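Residue-level structure breakdown
These are the residues of each chain, in order.
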Protein chains: 2
Amino acid sequence: MLKYEIKDFPLDQDNLMLAETLFHNANGYLGVRSNFEEGYPKNMDSIRGEYINGFYDFASSPQAEKLCGLVEEKQTMLNVADTQGIEIYIEGERFSMFEGEVLGRTRTLDMEAGTTLREVLWRSPKGKTVRIEIKRMASFALLPFFLIEYKVTPVDFSGEVKICSTHIGKVMNYFNPNDPRVAGESFEHLLVESIEVNNDVSYISSKTSKSDLCVCSAVKNVFSKEGKTEIVKEDGAVKEEYIGFISQGEVLTLYKYTILCDSVRYPNLSNETKENMEQALSTDINEWYEKQKAYLASFWENCAIDIVGKKDLNEAVHYNLYQLIQSVGKDPFSNITAKGLSGEGYEGHYFWDTEMYMQPFFTLTARDIAKNLIRYRYTILEYAKENARILGHKKGAAYPWRTIMGKECSGFFPAGSAQYHISGDVAYSIVSYYLATKDLELLRGCGAQVLIETARLWMDLGNYYRGKFHINEVTGPDEYTCLVNNNYYTNVLAQYNLRWAVKSFHLLKEAGLISDLIEKTQITEEELKEFEEAADKMYLPYDEETGINPQDDSFLQKKVWDLTTIPEDKKPLLLHYHPMYIYRYQVCKQADTVLAHFILEDAQDLETIRKSFAYYEKVTTHDSSLSTCIYSIVASRLGLEDKAYEYFGESAKLDLFNTHKNTKDGIHTANMGGTYMAIVYGFGGLRIKEEGLFLNPHLPKQWEGYQFRILFEDAKINVKRTQAECRITLLEGSKKNIHVYGKEYCLEKELVIY
Amino acid sequence: MLKYEIKDFPLDQDNLMLAETLFHNANGYLGVRSNFEEGYPKNMDSIRGEYINGFYDFASSPQAEKLCGLVEEKQTMLNVADTQGIEIYIEGERFSMFEGEVLGRTRTLDMEAGTTLREVLWRSPKGKTVRIEIKRMASFALLPFFLIEYKVTPVDFSGEVKICSTHIGKVMNYFNPNDPRVAGESFEHLLVESIEVNNDVSYISSKTSKSDLCVCSAVKNVFSKEGKTEIVKEDGAVKEEYIGFISQGEVLTLYKYTILCDSVRYPNLSNETKENMEQALSTDINEWYEKQKAYLASFWENCAIDIVGKKDLNEAVHYNLYQLIQSVGKDPFSNITAKGLSGEGYEGHYFWDTEMYMQPFFTLTARDIAKNLIRYRYTILEYAKENARILGHKKGAAYPWRTIMGKECSGFFPAGSAQYHISGDVAYSIVSYYLATKDLELLRGCGAQVLIETARLWMDLGNYYRGKFHINEVTGPDEYTCLVNNNYYTNVLAQYNLRWAVKSFHLLKEAGLISDLIEKTQITEEELKEFEEAADKMYLPYDEETGINPQDDSFLQKKVWDLTTIPEDKKPLLLHYHPMYIYRYQVCKQADTVLAHFILEDAQDLETIRKSFAYYEKVTTHDSSLSTCIYSIVASRLGLEDKAYEYFGESAKLDLFNTHKNTKDGIHTANMGGTYMAIVYGFGGLRIKEEGLFLNPHLPKQWEGYQFRILFEDAKINVKRTQAECRITLLEGSKKNIHVYGKEYCLEKELVIY
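The name an unreviewed UniProt entry assigns to chain A is Alpha,alpha-trehalose phosphorylase, from the organism Anaerosporobacter mobilis DSM 15930. Of chain A, the UniProt comment under Sequence similarities (unreviewed entry) reads exactly: "Belongs to the glycosyl hydrolase 65 family."

What follows is the structure, given as structure tokens:
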């Protein structure tokens, strides 16, 4: 039973906002925060929102000083409608969790059913008791479809129940007038253009202020028992009122169907919205629940992850993976936002988080989704080229640091556009996908082109100096040091990118599939030679004295900040110190060189990696949620089992335990993928290289066992580690030579190592 | 005759805007752009403004991404009133330079009289001819006083002349709706609070929107001949109409008196405005002209600059010095803005320009003014300390990169707050003042305290690394490379600052004047030792291979940009390339290391300076107006006479020839000071060091001779160089041992070297 349940959850501000995130419903296309249908008291704050992945408006992003090429317009994900509103009146008394008496309350996320449930036993001020059960689902089977099943049962009376269900089109994104940091952002991005009611379905069509996109929301309320109903159009909204007489013990159910369609995917917007609503209504509700279950059954079966002996961690890991499938876009117009579809943090932007933290999970367990993520990057390739021109480059593609539709949104380039590594990350994810699938077709169709254009960027970005290829003025993953020369992570990744641009060319050439690539890129053998030379001569900083790879040319000459002296109220550093002050220290927000040592471990010997890990661990604050999972993986690699386990726990529990204190703004999707990686790449020691598949499964001493399942080439492989054995099973596909614990085996059916 | 005159000046947009700047009237307290009293046609743009030095409002400066400590509110100098308006109707026909026929037109700046003159001979559409002469003066004798003397003479008719003189309080700063870069800035900073008319004097009192400052403008129109007059209050304005009958050949004169007072200097604002107006009115107008002449006579006498044999350059040099005396603040509430009081460019902010480019002129020729500039820095010392805290420092004072009242206004810290050298520049200017004056009292009163607090900043900013004191993550004067480690200029200046903090302590101690300093700074012998050690161990980058001081640790490893390949339409680089792209090149906007080699020439041997000059010359675009004068000085030092002369010419002519194409936004005051320095420090070879006064006067071959006059300790010394001789005359004060052409002499009365 994959359930996450909280009982008697506190009704205070912080916990409600947190639960809005934790229990949100999403399917990768739409997401609905888990707001109370009936609302909170007026003095309480709520981030009430329904979002569509990849649906945005342009918003101005003024620069304090205007400089050439600086971003002055960003994209922002919109709250598109409020179809959550349901108010209940019990014999005239309005139901509220904050009035009368709440006799019991439970919130449950059912990760097999794909639904959330809020159960409340409530006694009204005048003493009438009702049971309220609210089930919600964002359908994986019909992406524009969101359902609320709202059940009311009079427990100790019979009487009139009035239900008021609203559909509001005139909505705005969250802003808090008490928080000067967000107040300036209040803006009506969405303008209601028309409101219609047809066959008791209300349709609200709206248009964005600047991006010229449209959204149509449709709502239909279906009541289980006949009553008196009335539908009223209001300013930017539609309200339906129902009045019925319900007997004691009788269950009154409202099925509230929402369809959200946008013009990005549905060019015939109003027709397609209607069609989707008809489809939703024409299928029995239980069938929708079954489809949901079936989708998730397959999802869980494909990753088959299980931790035995640590219930809370197992639950946390499943919670995290569930959020990934809720968050990931299922079409090439969308990707995975940093907060999924659970909130407005980072404005629905896509970052490198996808490629480096989440895509590996899909590459290993759900290839269609992974392929789609690559296709998204391919659809924005032209914007990446344009971005390279804005940054001054004469050739190549520079993927934007944060974006929705492809244009750069980062307003502070030292910690944004300067993170050139994102182009390397995109390239790396394509190579990873290829190595796991050997899918030449993807390389031919789009992958190799991206590899060539990103390789070209490095050539234009870097320069030879005293015989070595240098890359200056970039920012690595660690945003506590910006605009540096020869960031180790960037350089080693650029080297890999350059080499794989060449390799992909030869792979396609040998397969007779090269013509498209040449036509699209005009790549020549001469240019490929330049790639190879730059890769061979890539400068990778190494310090003899410490025996480590310095994060960049000057990292080691900076001051050391004794992290133990930082008071709690000064954390995270970025909220309490001027960026320039932080830059002046050897202090890292997150894994940077350590991450390089994970993804490209063969670039250095193990002793260097060991020393680097020890060095950087002392100076890393993990103020980024992308950090601890990587430290866990590399600790596993180095046999530092206690550290690996501790970092893993921090990663796994981040959102459920709200350890970064900002889960109210949305989940941390990258970390969720990182949790998975810490198991599979960390404890499991998985690597997929040109030389093949490597496994090195170790068991944390706190566990009885664990299991995961991956796709490799044409095979589906189950890896199970218990205290007694490591059992590797070929579930599907042809036999494989694999490397386990440093030895090569042929996996034909099952391999058991004691 | 020190006059700058243009005849038949073009009446097109660009030239009118340029002339508004070039012929502006200012006295260091107030400045009035040279707008036509009668205005331009509606379709023509004009920056119409009257400014008070140091009078500002706060304006929001939103950051695209909010980070800790980033500036979100700046100060901006305000256009405080429009008292320029005068319209003339000749028998009902309105005078305009753009209608009828302009038979002659001349604009003159008289730098001895301290006035500007516009003379027009105009024939109306109906054929009536008038002579119009408009003299303007910003009084040096009564700082709040601005005068327009407006003369009309009917040439070929007798008839009715109507004059309409306006006084407008409801004004705004310039913005151009067609220029998206400034459109966002349109804001009513000044709100009219009251309008009064008393004894035919109109008073308009206004208050700023946020800074809580007030300004009162007063206007009185005095006509030379009686006529029918009427004063009318309008919305935010007062208008006076005069109608009189003037005979052919008769001169009608309007004396329009303006008084501008602000609450920064005049706490009893309305009374003091009235008193100033009474004072202006009670003195005969010719006496005001005489006072103006006398003030300037003394000014010219004190610097006695003269170039013989090159009229245009001599005129340009005098023009530049005249602008300096027009621009420099005469009280501790103000300083010298980057554009003087001639326009709104850089929003009336004070930069390092003062200390490094303009203060030397005043230190050598007008000590009271120089002392006042130091006092201004002392009055904002507490803000500089606060700024250091904002930047994260536990101690010391970090002078803001750009400011009016003391708080940092730079919105882009990599090219703003990161320019820590400004604190060194302030320290340097105090030491320079001391060396020229031996004024211990100034050190005791404020100078030494600033030296101690700036020295403390370096201690907190830098760190020891492998035995040397490093300063990381700063930006030097050259803004084409930002956030670097060990900028040579910064480090060598910090070293000087640290040493002089110690020296000033000992100087005061030996003089028995130390108690104040200890009380104010709590400085200890131990801390002084730390200063000394850091100075001794200061890391100054030096490259063996090239034999130069690299601009910073990584300058030489960057790409070289062949400046000859940059097309004209891509200049200046900062307007056409993303800053990060520029940072990646060995390209300099301005002198940086070369400037260090001028101000602290003894830190390196001449050979290194020679190689550095040659190296940096190749990579410097001189996109900053602060560059060529320094190149001229160092070229002189190195005996590169042709280069020195060419760079000098570029500096001298910058505004008069509008070579940077932006003089319409205001003059370039720093460059004007730089022109002076290129003569006195460059051709004249002047240095004032602890070891005494050094001169090395060389004559550019294009000249017959030149002269300048300086104050040194108690002496006033005249230096005159002709082809035949170098004549050094002690005009006042005691005899001095001085060094001329590398030899030591005793200057008793006159020294002539052939």
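What to know about the interface of chain B and chain A
Taken together, the 56 residues of chain B in the interface contact 57 residues of chain A. Counting each side, the surface lost to burial between chain B and chain A is near 4800 Å², with a carbon and sulfur contribution of 55%. Its largest share of buried area at the contact with chain A, chain B owes to B:Q557, B:H578 and B:R584, together 15% of the area lost on that side. If you look at where chain B meets chain A, you find eight salt bridges. For B:E65, the salt bridge is made with A:R402, and the minimal N-O distance between the two is 3.7 Å. Summed over the shared surface of chain B and chain A, the result is 33 residue pairs in polar contact (both at pLDDT 80 or more). For the side of chain B that touches chain A, the elements supplying multiple residues, two or more each, are α10 (440-461), β20 (463-465) and α14 (579-583) of chain B. If one sorts the elements of the side of chain B that touches chain A by residue count, α14(B) sits on top with four residues.

Side note on the relation of the copies chain B and chain A
Superposing chain B onto chain A takes a rotation of 180 degrees plus a shift of 0.0 Å along the axis, which leaves an RMSD of 0.1 Å. Those values place the two copies in the arrangement expected of a two-fold rotation axis. Of the C-alpha atoms belonging to chain B, the one lying closest to the rotation axis is found on B:Q63, 2.7 Å away.

Some points on the nonpolar core
One finds A:F362 and B:F362 to be the most contacted residues of the largest nonpolar core, which totals 471 residues. Here this core spans two domains, and each of domain 1 (3-267) and domain 2 (695-754) of chain B adds at least three residues to it.

Describing the pattern of salt bridges
Between side chains of opposite charge, pairing is possible as soon as their charged atoms come close. Residue and element names in this part refer to chain A. Counted under the stated rule, the structure contains 103 salt bridges over all chains. E149 is the salt-bridge partner of K151, the closest N and O atoms lying 2.8 Å from each other. Note on K151: relative accessible area 25%, which makes it partly exposed. Measuring nitrogen to oxygen at the nearest pair gives 3.3 Å for the salt bridge that ties K385 to E382. Of this pair, K385 and E382 are both found in helix α8 (residues 381-390), three residues apart, which corresponds to roughly one turn of the helix. Classification of K385 by relative accessible area gives buried; the value is 17%.

A short note on the UniProt feature "binding site: substrate" (unreviewed entry) in chain A
Residues and elements named next belong to chain A. Under the UniProt annotation, the feature "binding site: substrate" (unreviewed entry) is placed at W352, D353, K589 and Q590. Looking at the secondary structure, you find D353 in helix α6 (residues 353-365). Looking at D353, the relative accessible area reads 7%, which means it is buried. Setting aside residues up to four positions removed in sequence, D353 forms contacts with A338, M358, L626 and A670. For K589, the position within the fold is in the loop between β23 (585-586) and α15 (593-599). The residues touching K589, leaving out its near neighbours within four places in the chain, are D478, E479, Y480, L574, T620, T621, H622, D623, S624 and S627.

Reading the values: rules and limits
Residues numbered from 1 in each chain as written. Chains lettered and ligands numbered in written order. Predicted model: local features only at pLDDT ≥ 70, side-chain atom pairs only at ≥ 80, totals over all residues. Heavy atoms only, no water. UniProt positions renumbered as here; feature names shortened; annotations may be inferred. Contact = heavy atoms within 4.5 Å. Buried area = accessible area lost by both parts, 1.4 Å probe. Salt bridge = Lys/Arg side-chain N within 4 Å of Asp/Glu carboxyl O. Polar contact = N/O pair within 3.5 Å; in protein donor to acceptor, adjacent residues only side chain to side chain. Helix = DSSP H or I, 4+ residues; strand = E, 2+ residues; numbered from the N terminus. Least-squares fit on C-alpha atoms with pLDDT ≥ 70 in both. Core = buried A, V, L, I, M, F, W, Y, C linked by side-chain atoms within 4.5 Å. Buried < 20%, exposed > 50% of the residue type's maximum accessible area, 1.4 Å probe, protein only. Domains from an automatic or database assignment.

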